[in-house]
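# Topology and contacts: notes
Spelled out from the first residue to the last, the chains are:
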2 protein chains.
Amino acid sequence: MTQAVVGASSERVLLARIRARLGETPSWLRVGIGDDAAIIEPPRNAAEAITTDSLVEGVHFDRTFVPADAIGHRALAVNLSDLAAMGAAPRGATLSLMLPADLPLDDFDALLGGFDRLARTHNVTLVGGNLSQSPGPLVVDVMAFGTVHRRKVLTRAGARPGDAVYVSGTLGAARAGLSACRAQVTGIASSKDGPGPVEASVRDRYLRPEPRVRLGMLLGRTGTATACMDLSDGLADALDQVSVASGVGMNIDADRIPVDEATRSWFSHHDGASIDAALTGGDDYELLFTVPPRRRGRLRGVARLMRNLPLTQIGTVTRGQGVRLVRAGREEPLPRGFSHFAGE
Amino acid sequence: MTQAVVGASSERVLLARIRARLGETPSWLRVGIGDDAAIIEPPRNAAEAITTDSLVEGVHFDRTFVPADAIGHRALAVNLSDLAAMGAAPRGATLSLMLPADLPLDDFDALLGGFDRLARTHNVTLVGGNLSQSPGPLVVDVMAFGTVHRRKVLTRAGARPGDAVYVSGTLGAARAGLSACRAQVTGIASSKDGPGPVEASVRDRYLRPEPRVRLGMLLGRTGTATACMDLSDGLADALDQVSVASGVGMNIDADRIPVDEATRSWFSHHDGASIDAALTGGDDYELLFTVPPRRRGRLRGVARLMRNLPLTQIGTVTRGQGVRLVRAGREEPLPRGFSHFAGE
């Protein structure tokens, strides 16, 4: 029996499968999927945040080890992470799919399922999108929008000398997870660890990153953070971007960068330094943010609300410019961030 | 000398080329390109229209005969056409580019140029986007947004029995243009016509469609149209969609469908029926709209403001359902619309 593929399905059939997943229409959505454009009621007394990010097969994921539901999850997660970094509450999204003709219909459904589950978690409504065939890679392009109070917007440009530099969660796990996924495909993993809890833990961090939606909103609403950015392109890149945008320098203590046990364990068995993964791994969707000394009390309040999510100070904002990274007492150059283009 | 390609350029260099084209920042754009998300001031006393559409190489265009500036133009035009169909005034857009490594830098610049020229014409501000490499086709995904008065939104669902059915402009030219572009590549065209004015005229209609932004806004604001849709997937598809969405039937007189001289001339020399191109050609970005008899006066006012753009009645909305197409006095089945998926 041959497997059903999207190339043999009509656009109407595929659209019907998307519509079947739509939940209740929120009151702010005047016209949803099915017309030339969506019509939404803009937020009252708030600004709007808009972001777009895409996942391209062969560049951002490998279908041989990234399950379709994880592709759908990540495509939305990377966008929600961008909204979180601005302090915005997500509202809606559009989904553009470019589908290889041989994509199994089951994978199409699983991709929608992964997108949909994360959307429901964060109260995100799908308002539109489009379907196209792709003569090459599977491409998932998402635009997400949300609301943010005008005076509570977090940008990269607000860091001031004396602020403490924080990161949420633990870093490097996504890079370990990518490595674990690859090892699983080539059969290397089982020879060393078997598919143990370490592997499962880091793989999930790579495949289904949890966007820090609530943290971003809290950091913004409470006026705790002066600057914020997500770590989509790695910590080193984020440190560089925030320091340049804010016109400040930073002293970063590499030994304070939080790395969890599973990640340390993975790299200790697989010839890698977990701290390098934490600095340059491009798939940690944690937040980098800066907090002035007088707002430490607010940060403690945020931390209490975030319960088990660690918020770790890794350095300090300074006058001047440039990021000074100190590791085991010695200053080191900041590694280059992640880039999909060759020249960088 | 080898040609510079995007794959050898850093993302920063490519981003700098995009930023260099940005015009003045409008007052409603609080945070533009360069942060995790754009922050915009939503319209006051109006709803917001949001749409997204993508162009995929090998599906929607062929780089061997579509110049890069036309790719940029069309990627924005198809989205502005969707906003026009809702009666919305465009405001901003995001641009996601998935670039083959071997794409010449000159083509990258030309693509941006085509996008930018059309954006300036319609006062559209680029607020964000992203760049990725593509291991396959060039993909251009655009999201556009605009504003529309709450009670002036045009949908596909408002047509009522007795309304007259209109189309803007002339149809079939884009299909003739696509055919002319292909003929040029294979060398067929020059053997028959040479690159004459007919060819140039229809090719431009395919390559650089003019979205009916002003017409859509006028039809909405003046309360002239009851339903509206753009012809991105062909007239036959649009007639079907509007009649289904509105729960009405339609009588369409194929002989009244407006086809311009260049298109007739092209098809008379190239074994094709211009009326078939007008019905099923997927790249005419004209508007289909319905007007009640009591609003004909308003339509005349709109027509005067649109000056040289023909607005042609091609039929009438009826009770019941289904589109009855009459051609040379005989009823014919409505041809199927354009689809990029095989099953349809």
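Structure: above.
Our subject in this report is the structure included herewith.

Analysis parameters
- Residues numbered from 1 in each chain as written.
- Chains lettered and ligands numbered in written order.
- Predicted model: local features only at pLDDT ≥ 70, side-chain atom pairs only at ≥ 80, totals over all residues.
- Heavy atoms only, no water.
- Least-squares fit on C-alpha atoms with pLDDT ≥ 70 in both.
- Contact = heavy atoms within 4.5 Å.
- Phe/Tyr/Trp six-rings, centres within 6.5 Å; stacked < 30°, edge-to-face > 60°.
- Helix = DSSP H or I, 4+ residues; strand = E, 2+ residues; numbered from the N terminus.
- Buried < 20%, exposed > 50% of the residue type's maximum accessible area, 1.4 Å probe, protein only.
- Lys NZ or Arg CZ within 6 Å of the ring centre and 35° of its normal.
- Salt bridge = Lys/Arg side-chain N within 4 Å of Asp/Glu carboxyl O.
- Pairing = 2+ DSSP bridges.
- Axes fitted to C-alpha atoms, helices over the stretch in contact; angles between N-to-C directions.
- Left-handed = near helix turned anticlockwise from the far one by under 90°.
- Nonpolar A, V, L, I, M, F, W, Y, C, P; charged D, E, K, R; others polar.
- Buried area = accessible area lost by both parts, 1.4 Å probe.
- Polar contact = N/O pair within 3.5 Å; in protein donor to acceptor, adjacent residues only side chain to side chain.
- Arc of directions from axis to C-beta.
- Expected span 1.5 Å × (residues − 1).

What follows is about the relation of the copies chain B and chain A. Expressed as a screw transformation, the operator carrying chain B onto chain A has a rotation angle of 180° and an axial translation of 0.0 Å, and the superposed copies differ by an RMSD of 0.0 Å. Each copy turns onto its partner about a two-fold axis. Closest approach to the rotation axis among the C-alpha atoms of chain B is made by B:Gly136, whose C-alpha sits 2.6 Å away. An overlap of 100% is found between the interface residues of chain B and their copies at the interface of chain A, pointing to a shared contact surface.

The geometry of an aromatic ring pair is captured by the separation of the ring centres together with the interplanar angle, meaning the angle of the planes. Evaluation of the coordinates by the stated rule reveals four aromatic pairs over all chains. Here A:Trp28 and A:Phe145 contribute two aromatic rings whose centre-to-centre distance is 6.0 Å and whose plane-to-plane angle is 85°, an arrangement assigned as edge-to-face. Placement of the pair is A:Trp28 in the loop between helix 1 (11-19) and strand 1 (29-31) and A:Phe145 in strand 6 (residues 139-148), with a sequence separation of 117 residues. Across this residue pair, the class does not change: A:Trp28 and A:Phe145 are buried. Judged by centre distance (5.6 Å) and plane angle (10°), the rings of B:Tyr166 and B:Phe289 are stacked. Here B:Tyr166, found in strand 7 (residues 164-168), pairs with B:Phe289, found in strand 10 (residues 287-291); they are 123 residues apart in sequence, far enough to count as distant. Accessibility assignment for this pair places B:Tyr166 and B:Phe289 in one class, buried. Directly above the ring of A:Trp28 sits A:Arg91, whose terminal nitrogen or CZ lies 4.5 Å from the centroid.

For side chains bearing opposite charge, pairing can occur when the charged atoms are close. Applying the stated criterion across every chain yields a total of 40 salt bridges over all chains. Ionic pairing is found between A:Glu41 and B:Arg150, a salt bridge with its closest N-O pair at 2.4 Å. Of this pair, A:Glu41 sits in the loop between strand 2 (38-40) and strand 3 (47-56) while B:Arg150 sits in the loop between strand 6 (139-148) and strand 7, placing the two residues on different chains. Here B:Arg203 makes a salt bridge to B:Glu199, at a shortest N to O gap of 3.5 Å. Within this pair, B:Arg203 and its partner B:Glu199 are both found in helix 6 (residues 197-207), separated by four residues, close to a single helical turn. The two residues B:Arg203 and B:Glu199 agree in class, both being buried.

This part takes up the sheet that holds strand 7 of chain B. All names here are of chain B. Pairing is mixed in the open sheet, where seven strands are placed in the order 8-10-7-11-9-12-13. Two strands bound the open sheet, and with one partner strand each, they are strand 8 (227-230) and strand 13 (330-332). Across this sheet, the average inter-strand angle for adjacent strands is 30°, counted without regard to direction. Here strand 7 runs beside strand 10; their pairing, made up of four bridges, is antiparallel. The residue bridging Tyr 166 from the neighbouring strand is Phe 289, located in strand 10. Packed onto the sheet, helix 2 (residues 68-85) meets strand 8 and strand 10 and runs at close to 175° relative to strand 8. Each of strand 7, strand 10 and strand 11 (311-318) is contacted by helix 7 (residues 213-221), which is oriented at about 20° to strand 10, the strand it contacts most.

Relative placement of two packed helices is described by the angle separating their axes and the distance separating the axes. Residues and elements named next belong to chain A. Following both chains from N to C, one finds helix 1 and helix 3 (residues 105-121) inclined at 30°, their axes separated by 10 Å at the closest point. The chirality of how helix 1 crosses helix 3 is right-handed. Across the interface between the two elements, Leu 14, Arg 17 and Ile 18 from helix 1 touch Leu 105, Phe 108, Asp 109 and Leu 112 from helix 3. Among the residues forming the contact of helix 1 with helix 3, the class breakdown is five nonpolar, no polar and two charged.

Among the secondary structure elements, B:Cys228 is positioned in strand 8. Judged by relative accessible area, which is 0%, B:Cys228 ranks as buried. Those residues in contact with B:Cys228, other than ones at most four positions away along the chain, are A:Asp36, B:Ala85, B:Leu154, B:Thr155, B:Arg156, B:Leu287, B:Leu288 and B:Phe289.

What follows is about the packing of helix 2 of chain B against helix 3 (residues 105-121) of chain B. Residues and elements named next belong to chain B. For the pair helix 2 and helix 3, interaxial distance at closest approach is 6 Å and the crossing angle is 35°. Handedness of the crossing formed by helix 2 with helix 3: right-handed. Of the residues in helix 3, those touching helix 2 at Ala 68, Asp 69, Ile 71, Gly 72, His 73, Leu 76, Ala 77 and Leu 80 are Asp 107, Ala 110, Leu 111, Gly 114, Phe 115, Arg 117, Leu 118 and Ala 119.

With that settled, the discussion passes to the interface of chain B and chain A. Taken together, the contacts link 72 residues of chain B with 72 residues of chain A. Interface of chain B and chain A: buried area, both sides summed, is about 5,400 Å²; carbon and sulfur atoms make up 55% of it. In this structure, the connection of chain B to chain A is made through ten salt bridges. Between B:Asp36 and A:Arg156 there is a salt bridge, and its shortest N-O distance comes to 3.1 Å. Inspection of the chain B/chain A interface yields 24 residue pairs in polar contact (both at pLDDT 80 or more). Looking at the side of chain B that touches chain A, the element that brings in the most residues is strand 3 (residues 47-56) of chain B, giving nine residues. Across the side of chain B that touches chain A, the residue classes tally to 33 nonpolar, 22 polar and 17 charged.

Residue and element names in this part refer to chain B. Among the residues making up helix 1 (residues 11-19), those that are buried are Glu 11, Leu 14 and Ile 18. Down the axis of helix 1, the buried set is contained in an arc of 70°. They therefore lie on one face. Looking at the buried positions of helix 1, the neighbouring elements they touch are strand 4 (89-100), helix 3 and strand 5 (125-134).

Successive side chains on a regular strand alternate, one facing one side of the sheet and the next facing the other. All names here are of chain A. The buried fraction of strand 6 is high, at ten of ten residues. Alternating residues of strand 6 divide into Val 139, Asp 141, Met 143, Phe 145 and Thr 147 and Val 140, Val 142, Ala 144, Gly 146 and Val 148, and every residue in both groups is buried. Taken together, the ten bridges between strand 3 and strand 6 define a ladder with antiparallel strand orientation. Directly across from Thr 52, in strand 6, lies its bridge partner Met 143. As paired elements, strand 4 (residues 89-100) and strand 6 share nine bridges and run antiparallel to each other. Bridge pairing in strand 6 links Leu 97 to Val 140.

All names here are of chain B. In this model, helix 4 (residues 173-186) (14 residues) spans 20 Å end to end at C-alpha, consistent with the 20 Å of a helix rising 1.5 Å per residue. Inspection of helix 4 places Ala 173, Ala 174, Ala 176, Gly 177, Leu 178, Ala 180, Cys 181 and Ala 183 among the buried residues, and these make up the whole buried set. Trailing helix 4 by a residue or two, Gly 187 shows a phi angle of about 85°, which is positive.

Purely geometric stuff here, so don't read any function into it on its own.
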